[in-house]
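Close look at the chain arrangement
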Amino acid sequence: MEEPVLVLPGSGPEALANLAIGCEACRRCSLSAGRRNVVVSRGNPQARLIVIGEGPGAQEDEAGLPFVGRSGQLLDQMLESVGIDSNRDAYVCNIVKCRPPDNRKPTALEMAACRPWLEQQIALVDPQVLLLAGATAVEGLLGIKGGITKLRGQWRAGEGTSLQGRWLMPIFHPSYLLRNPSRERGSPKWLTWHDLQDVQRRLLQLQAAS
Ligand code: SF4
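Quick caveat: nothing in here was measured; it's all calculated off a predicted structure.

Let's talk about the site of the ligand
- As a structural note, the neighbourhood of the ligand is formed by 15 residues, with Cys26, Cys29, Ser32, Cys98 and Cys114 the closest of them.
- It is helix H4 (residues 108–125) that contributes the most residues to the shell around the ligand, 4 residues altogether.
- In terms of residue class, the shell around the ligand is built from 10 nonpolar, 1 polar and 4 charged.

Here it is, written out as structure tokens:
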């Protein structure tokens, strides 16, 4: 790690804009060397839902936006099918903001280096629900290693400073669903659709209770 990440003052859109500027200048890990763009976020900073993926792929690196490639399009379609518009109703980001070479999984050091940025995003957006797309998102945020098949579909109550009072739902990563396109009952896609329905139900319940 080269320089400390500042805890950025303020709140709301200005603080998120400052965060983006900080990310763009960040060289805390070696992923900075190969990036075309730092990929910070897309969507609604006032959303009650945050979607967190692993890291940018080639198209995201090119566009400077998360989840805009094929897997992002699939995720958007699946969210839309349960009534969630990913740009209107969600704030979308990743565990690491710079593209790992050859789309490899980010290392533990890279995830740790980037974590302060993610924690600040969560604090500033202040979501009620976090959707963790794939095993690396679960590992990067919760430190839990393991098969996503066992972790998905189970609500977790957030713990610790940045997650207390929030609900977390792990799901299959959409790139895995692209490789497993069956929609049959019990298939990964079918399970994910049910997980997303559960997320939408939870959001509506939380909204009704607030
Ligand atoms: S991945 Fe994160 S910590 Fe590493 S250089 Fe990019 S913004 Fe900084």
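Having seen the structure, we can now continue with the description.
What to know about helix H5 (residues 135–142)
- Counting buried positions along H5 gives 7 out of 8 residues, so the element sits mostly inside the fold.
- All of the buried residues along H5 are Ala135, Thr136, Ala137, Val138, Glu139, Gly140 and Leu141.
- Buried residues along H5 sit in contact with strand E2 (49–53), H4, strand E4 (129–133), helix H6 (148–151) and strand E6 (167–171).
- Trailing H5 by a residue or two, Gly143 shows a phi angle of about 75 degrees, which is positive.

A word on the nonpolar core
- With 51 residues, the main nonpolar core has Leu49, Ile50, Ile52, Leu131 and Leu132 as its most contacted residues.
- For this core, the leading source of residues is H4, giving 7 residues.
- Setting aside anything within four residues of it in sequence, one finds Leu49 in contact with Ile84, Asp89, Ala90, Pro127, Val129, Leu131 and Leu203.

Focus on the sheet that holds strand E5 (residues 156–157)
- With mixed pairing, the 6 strands of this open sheet are ordered in space as E1-E3-E2-E4-E6-E5. Here the strands that pair on one side only, and so sit at the sheet edges, are strand E1 (42–43) and E5.
- Both E4 and E6 contribute to a ladder of 5 bridges, which runs parallel. Paired with Leu131 across the strands is Met169, a residue of E6.

A look at unusual backbone geometry
- The backbone of Asp102 sits at a positive phi, close to 55 degrees, despite the residue not being glycine.
- Note on placement: Asp102 falls in the loop between strand E3 (90–94) and H4.

Some words on helix H3 (residues 70–81)
- In this model, H3 (12 residues) spans 17 Å end to end at C-alpha, consistent with the 16 Å of a helix rising 1.5 Å per residue.
- Of all the positions in H3, only Ser71, Gly72, Leu75, Asp76 and Leu79 are classed as buried. Summarising the axial view, the buried residues of H3 lie within an arc of 140 degrees, below the 170-degree limit, and thus occupy one face. In H3, the exposed positions angled more than 90 degrees off the buried face are occupied by Arg70, Gln77 and Ser81.

Focus on the packing of H3 against helix H8 (residues 188–209)
- For the pair H3 and H8, interaxial distance at closest approach is 9 Å and the crossing angle is 55 degrees. Considered as vectors, H3 and H8 are oriented oblique to each other. The element H3 and its partner H8 pack so that their crossing is right-handed. Where H3 abuts H8, its residues Met78, Leu79 and Ser81 lie against Thr192, Trp193 and Leu196.
- Considered class by class, the residues forming the contact of H3 with H8 number 4 nonpolar, 2 polar and no charged.

Rules behind the numbers
Residues numbered from 1 in each chain as written. Predicted model: local features only at pLDDT ≥ 70, side-chain atom pairs only at ≥ 80, totals over all residues. Near = placed C-beta within 6 Å. Helix = DSSP H or I, 4+ residues; strand = E, 2+ residues; numbered from the N terminus. Nonpolar A, V, L, I, M, F, W, Y, C, P; charged D, E, K, R; others polar. Buried ≥ 20, exposed ≤ 12 C-beta atoms within 10 Å, placed from the backbone. Contact = placed C-beta atoms within 7 Å. Core = buried A, V, L, I, M, F, W, Y, C linked by C-beta atoms within 7 Å. Pairing = 2+ DSSP bridges. Expected span 1.5 Å × (residues − 1). Arc of directions from axis to C-beta. Axes fitted to C-alpha atoms, helices over the stretch in contact; angles between N-to-C directions. Parallel < 35°, antiparallel > 145°, perpendicular 65-115°, else oblique. Left-handed = near helix turned anticlockwise from the far one by under 90°.

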